[in-house]
Amino acid sequence: MHAWLCENPTGVDAVAWKELPTPQPGAGEVLIAIKAASLNFPDLLIVQNKYQMKPPLPFVPGSEYSGWIDAVGEGTVHFKLGDTVVAFGGTGAFATHCCVDAKLVMPLPAGFAMNDAAAFVLTYGTTQHALVDRAALKAGETVLVLGAAGGVGTAAIQIAKAMGAKVIAAASTDAKCELCAQLGADATINYSTANLRDQLKALTAGKGPDVVYDPVGGDLAEPVFRSIAWRGRYLVIGFAQGGIPALPLNLPLLKGASLVGVFWGEFARREPAANARSLAELASWYREGKVKPVIDRKLPMTELKQAFELMSTRTVRGKLVLCND
Ligand SMILES: NC(=O)c1ccc[n+]([C@@H]2O[C@H](COP(=O)([O-])OP(=O)(O)OC[C@H]3O[C@@H](n4cnc5c(N)ncnc54)[C@H](OP(=O)(O)O)[C@@H]3O)[C@@H](O)[C@H]2O)c1
């Protein structure tokens, strides 16, 4: 097998494409021949040693992928050779093969495209958990999505629309805003050129958004929280801009508003039955055409460094998928 190995997480140049012995699955594990893996922002952070999870060294980055069962470990009864599957393992995806705990692997539903599956579980799972479970978003409410043309951002536009909400999508370029409009956003704001607070006031008749979905953080958070509606819910998704914002606590008080943390990986670990229900609902929405990953482009698996460069320079619209064919 080949894999991108990270022996010392000092940055994106610390990964190298290496030939390694193909592992055999232990008890309760499966070996997957990887067809496609998608890039998520945490994959960039993890090779820079900036992510909360610090895998033992050396490790293979990449958290989610689709492929075929290539070997089955002892006691693994619900998979057989050749089954098409999708896996969320946290590491191991940027490779040709990966051995993983069978509990982290799901059979691919009929009709689910392999490339879409590789770009689905983390972004849509996070966003469903955020909007449905954590924010209790209701039809007719207004959602502001920041970084709306990114991986989780595009999922948030689609899921919020599927729930009957009005979506204001905010992003850093006109081209990204255009993509958001194509995905169904009711209004867009280019926050590089427009005054975000003035625009939010104008678009909500002074009321502000009911729910804010924020994967960006940094200096956007405080002005946006100041614009939130009475009883608003501000979803803390991530900090792609780099800075972790600090918020004066008088702001939630004055708005009767909530600051709501979202940590999908921990939710999936602690509440597996609830997560399985959420993923099953998402799979049926995929079948019905309500949600579909936006794939910016597909690259060969060997082009991981280019993919890291595109993500860190904010050039990606939707998701990047790395393929082994
Ligand atoms: N809480 C959870 O459970 C969970 C799960 C998955 C992901 N996340 C987090 O969500 C965030 C987004 O992840 P993603 O995979 O969707 O990433 P992504 O596709 O790269 O999207 C991130 C967006 O952030 C914006 N951005 C602003 N400043 C940036 C910078 N300096 N570098 C890169 N992007 C910047 C970009 O939009 P503009 O150019 O339009 O500003 C970009 O489209 C990350 O912080 C990630 O860790 C959290």
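Look a little higher up for the structure.
Note that the structure is a prediction, hence the values are computed from the model and not measured.

Q: Any details on the overall build of the protein? Residues and values, ideally.
A: Along the protein, the regular secondary structure elements total 11 helices and 15 strands. Looking at the protein as a whole, 54% of its 325 residues qualify as buried. For the protein, long-range pairs separated by at least 24 residues make up 68% of all intrachain contacts whose partners lie at least 6 apart in sequence. Of the roughly 14,100 Å² of accessible surface on the protein, 55% is carried by carbon and sulfur atoms. Here the protein contributes 30 positively and 29 negatively charged side chains, and the mean placements of these two sets differ by 7 Å.

Q: Can you lay out the pattern of salt bridges for me, pointing to particular residues and giving the numbers?
A: Enumeration according to the criterion identifies 15 salt bridges in this entry. Between Asp101 and Lys103 there is a salt bridge, with the nearest N and O atoms lying 3.7 Å from each other. Take Asp101: its relative accessible area is 30%, and that puts it in the partly exposed class. Residue Glu288 pairs with Lys290 through a salt bridge whose shortest N-O separation is 3.2 Å. Among the residues examined, Lys290 registers a relative accessible area of 41% and is labelled partly exposed.

Q: Describe the packing of helix H3 (residues 121-134) against helix H10 (residues 272-287), naming the residues involved and giving the relevant values.
A: Each pair of packed helices can be described by the angle between their axes along with the distance between the axes. Two elements in contact, H3 and H10, have axes separated by 10 Å at closest approach and are oriented at 110°. Between H3 and H10, the angle is such that the two are roughly perpendicular. For the pair H3 and H10, the crossing hand works out as right-handed. Taken together, the residues of H10 that come into contact with H3 (itself represented by Val121, Tyr124, Gly125 and Gln128) are Ser278, Leu279, Glu281, Leu282 and Trp285.

Q: Got a sec to walk through the site of the ligand? Specific residues and values, please.
A: Taken together, 25 residues lie around the ligand, and Ser172, Lys176, Tyr191, Val262 and Trp264 are the ones closest in. With respect to the ligand, the backbone of Gly151 contributes an N or O atom lying 2.8 Å from an oxygen atom. In this structure, Lys176 approaches the ligand through a side-chain N or O atom, which is 2.7 Å from an oxygen atom. Compared with its free state, where it exposes 910 Å², the ligand has 91% of that area covered by protein. Listing elements by their share of the shell around the ligand, those giving two or more residues are helix H1 (41-47), H3 and helix H4 (151-162). Broken down by class, the residue content of the shell around the ligand amounts to 15 nonpolar, eight polar and two charged.

Q: Go over the environment of Lys54, please, and point to the residues and values.
A: By the element assignment, Lys54 lies in the loop between H1 and strand S4 (64-72). With 170 residues separating them in the primary sequence, Lys54 and Val224 have C-alpha atoms 32 Å apart. There is a polar contact of 3.1 Å between the side chain of Lys54 and the backbone oxygen of Asn49.

Q: Break down the packing of aromatic side chains for me, with residues and values.
A: Tallied over the full model, the rule gives seven aromatic pairs. Ring geometry for Phe120 against Tyr124: centres 4.6 Å apart, planes inclined by 15°, an arrangement best described as stacked. Both residues of the pair, Phe120 and Tyr124, count as buried. Here the aromatic rings of Phe120 and Tyr286 are separated by 6.0 Å at their centres, their planes lie at 75°, and the arrangement is edge-to-face. Residue Phe120 is located in the loop between helix H2 (114-118) and H3, and its partner Tyr286 is located in helix H10; the two are separated by 166 residues in the primary sequence. Considered together, Phe120 and Tyr286 belong to a single accessibility category, that of buried residues.

Q: Could you give an account of the packing of H3 against H4, naming the residues involved and the relevant values?
A: Direction vectors running N to C along H3 and H4 enclose 50°, while the axes themselves pass 9 Å from each other. Taken together, the axes of H3 and H4 are oblique relative to one another. As H3 runs across H4, the sense of the crossing is right-handed. Contact with H3, carried on its side by Thr123, Tyr124, Thr127, Gln128 and Leu131, involves Gly151, Val152, Ala155, Ala156, Gln158, Ile159 and Ala160 of H4 and no other residues of that element. Split by residue class, the contact of H3 with H4 holds seven nonpolar, five polar and no charged.

Q: I'd like to hear about H3, residue by residue, with values.
A: The buried count for H3 comes to 11 of 14 residues, which makes it a mostly enclosed element. Ala136 sits one or two positions beyond H3 and adopts a positive phi of about 45°.

Q: Can you explain the sheet that holds strand S8 (residues 142-145)? Please cite residues and give values.
A: The six strands are arranged S10-S9-S8-S11-S12-S13 in an open sheet whose pairing can be described as parallel. Two strands lie at the open edges of the sheet, namely strand S10 (187-190) and strand S13 (258-261), each paired on one side alone. Averaged over all adjacent pairs, the angle separating strand axes in this sheet is 20°, with direction ignored. Strand direction decides the pairing type here: strand S9 (residues 166-171) and S10, joined by four bridges, are parallel. Residue pairing for S10: Ile168 is matched across the bridge by Ala187. Set on the sheet, helix H5 (residues 174-182) makes contact with S9 and S10; between it and S10 the angle comes to about 165°.

Thresholds, definitions, all that
Sequence positions are assigned chain by chain, starting from 1 and proceeding in written order. Where local features are concerned, this predicted model is filtered to residues with pLDDT of at least 70; where side-chain atom pairs are given and counted, the filter is 80 or more; whole-chain, interface and lining totals use all residues. Side-chain numbers come from the whole structure's heavy atoms, not from hydrogens or water. Segments assigned H or I by DSSP are reported as helices when at least four residues long, segments assigned E as strands when at least two residues long, and all are numbered from the N terminus. Burial classification: accessible surface area is computed with a 1.4 Å probe over protein chains only, and a residue below 20% of its type maximum counts as buried, one above 50% as exposed, and the rest as partly exposed. Two residues form a contact once any of their heavy atoms are found within 4.5 Å. For every accessible area listed, the method is Shrake-Rupley and the probe measures 1.4 Å; residues are considered covered only by the protein chains on display. For the purpose of counting charges, residues Lys and Arg are taken to be positive, whereas Asp and Glu are taken to be negative. His and the chain ends are not included. To locate a charge, take atom NZ for lysine, CZ for arginine, CG for aspartate or CD for glutamate. The working definition used for a salt bridge is a side-chain nitrogen of Lys or Arg within 4 Å of a carboxyl oxygen of Asp or Glu. Structural elements are reduced to axes, namely lines fitted to C-alpha atoms, with helices fitted over the stretch in contact, and the angle between N-to-C directions of any two is expressed from 0 to 180 degrees. Geometric relationships in this document are graded by angle, where less than 35 degrees denotes roughly parallel, more than 145 denotes roughly antiparallel, 65 to 115 denotes roughly perpendicular, and other angles denote oblique. Crossings are sorted by hand: turned counterclockwise from the far helix by less than a right angle, the near helix makes the crossing left-handed, and turned clockwise it makes it right-handed. Nearness here has a simple test: a residue counts as near a molecule or strand if at least one of its heavy atoms is within 4 Å of that partner. Here a polar contact is recorded for every N or O atom pair within 3.5 Å, except that within protein the pair must consist of a potential hydrogen donor and a potential acceptor, and residues adjacent in sequence are included only if both atoms are side-chain atoms. Amino acids outside the nonpolar list (Ala, Val, Leu, Ile, Met, Phe, Trp, Tyr, Cys, Pro) and the charged list (Asp, Glu, Lys, Arg) are all regarded as polar, and Gly is one of them. Only the six-membered ring of Trp is used, alongside the rings of Phe and Tyr, when aromatic pairs are assigned; centres must lie within 6.5 Å, and planes under 30 degrees apart are stacked while those over 60 apart are edge-to-face, with the rest tilted. Should DSSP find at least two bridges between two strands, the strands are taken to pair.

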